[in-house]
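Reading the structure
This is what each chain is made of:
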Amino acid sequence: MKQLLIATHNQGKVAEFREMLPDFEIKSAADFDLPEPEETQDTFAGNAILKARAAMEATGLPCLADDSGLTIDALDGAPGIYSARWAQTPNGRDFMVAMNAVNEKLDGVKGDETAHFIAVLALLKPDGTQQIFEGRASGHLSWPPRGEKGFGYDPIFIPEGHDITFAEMEPSEKHAMSHRAKAVAKFVEYLKTNG
Ligand code: ITT
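As a starting point, this report considers the structure included with it. (Residues numbered from 1 in each chain as written. Predicted model: local features only at pLDDT ≥ 70, side-chain atom pairs only at ≥ 80, totals over all residues. Heavy atoms only, no water.)

1. Brief notes about the pairing of strand β6 (residues 114-124)
Quick reminder of the rule: Only protein chains enter the accessibility calculation, which uses a 1.4 Å probe; a residue whose area is less than 20% of its type maximum is buried, one above 50% is exposed, and one in between is partly exposed. Strands here are runs of E lasting at least two residues and helices are runs of H or I lasting at least four, both read from the DSSP assignment and numbered beginning at the N terminus. Here, a strand pair is defined by DSSP locating no fewer than two bridges between the strands.
Within β6, ten of the eleven residues are buried, leaving the element largely enclosed by the surrounding structure. With ten bridges connecting them, strand β3 (residues 63-72) and β6 associate as antiparallel partners. The residue of β6 that forms the bridge with alanine 65 is alanine 122. By the bridge criterion, eleven bridges tie β6 to strand β7 (residues 130-141) in an arrangement that is antiparallel. In the strand pairing of β7, leucine 121 is matched with phenylalanine 133. What sits between the antiparallel neighbours β6 and β7 is a turn of five residues, in which glycine 128 has the positive phi angle 100°.

2. Some words on the layout of surface pockets
How we decide: Buriedness for pockets is judged along seven lines, at least five of which must meet protein on both sides within 12 Å for an open set on the 1 Å grid over protein atoms alone, while cavities are sets there where a 1.4 Å probe fits but cannot get out, and lining residues have an atom within 4 Å of a point. Grid points are joined across faces, edges and corners, and a volume is the space filled by probe spheres set on the points. Lys, Arg, Asp and Glu make up the charged group, whereas Ala, Val, Leu, Ile, Met, Phe, Trp, Tyr, Cys and Pro make up the nonpolar group; the residues left over, Gly among them, are polar.
Each pocket or cavity is described by its volume, and for the largest pocket that value is around 650 Å³. Looking at side-chain class alone, the lining of the largest pocket contains 15 nonpolar, nine polar and twelve charged residues. Taken as a whole, the second largest pocket encloses approximately 200 Å³ of empty space. Surrounding the second largest pocket, Lys2, Gln3, Leu4, Leu5, Phe24, Leu61, Pro62, Leu123, Lys125, Phe187, Leu191 and Gly195 form its lining. Mapped onto the lining of the second largest pocket, the elements with two or more residues apiece are β1 (2-6) and α5 (179-194). Of the residues assigned to the lining of the second largest pocket, the class counts are eight nonpolar, two polar and two charged.

Take a look at the structure:
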């Protein structure tokens, strides 16, 4: 089975890549004890490339990285690339804290809870190849949080055309429409012609 190193420390992402790419043996940053690089760029693509490059330079292997987040129209795209940082507490990440912050900020703009999940994947190979694959899922936010599946902001996001949150869906249902699944589909398509 072909190995694929995903340069992520997020176990929620790792689980989803394993479900979406069953033909690959998925390795993650934890398997190689890779340090977590500081995300210094101001775009999803910039941070995805930075993470893939750091893992590729440390291992010498082709690497795929995922930079993703939730963008809320009424908050001018926030938290966006800062989605993980909104969850940061002195004791680690807590997505209840991040979801509460979203709810508090939206209180002033009730009536427009349109939001989008975005995932940008960067593939970097030691031969210098660099490819970007982007996926987006649109929907609206809902309060209070509902559901135990998924990760991150899933309990407050209802995708377009549905009335349950990503966290209430079975993984296969989320993968039929998610930002990450759409980006992964483009990656798989790329592999068909580029190996
Ligand atoms: P890596 O950088 O190690 O991959 P990370 O969690 O720091 O892990 P990001 O910088 O890309 O990853 O932060 C994206 C955050 O956006 C992530 O922590 C989630 O909270 C949120 N997010 C991304 N995709 C999501 C999804 O499918 N469902 C819910 N939340 C998601």
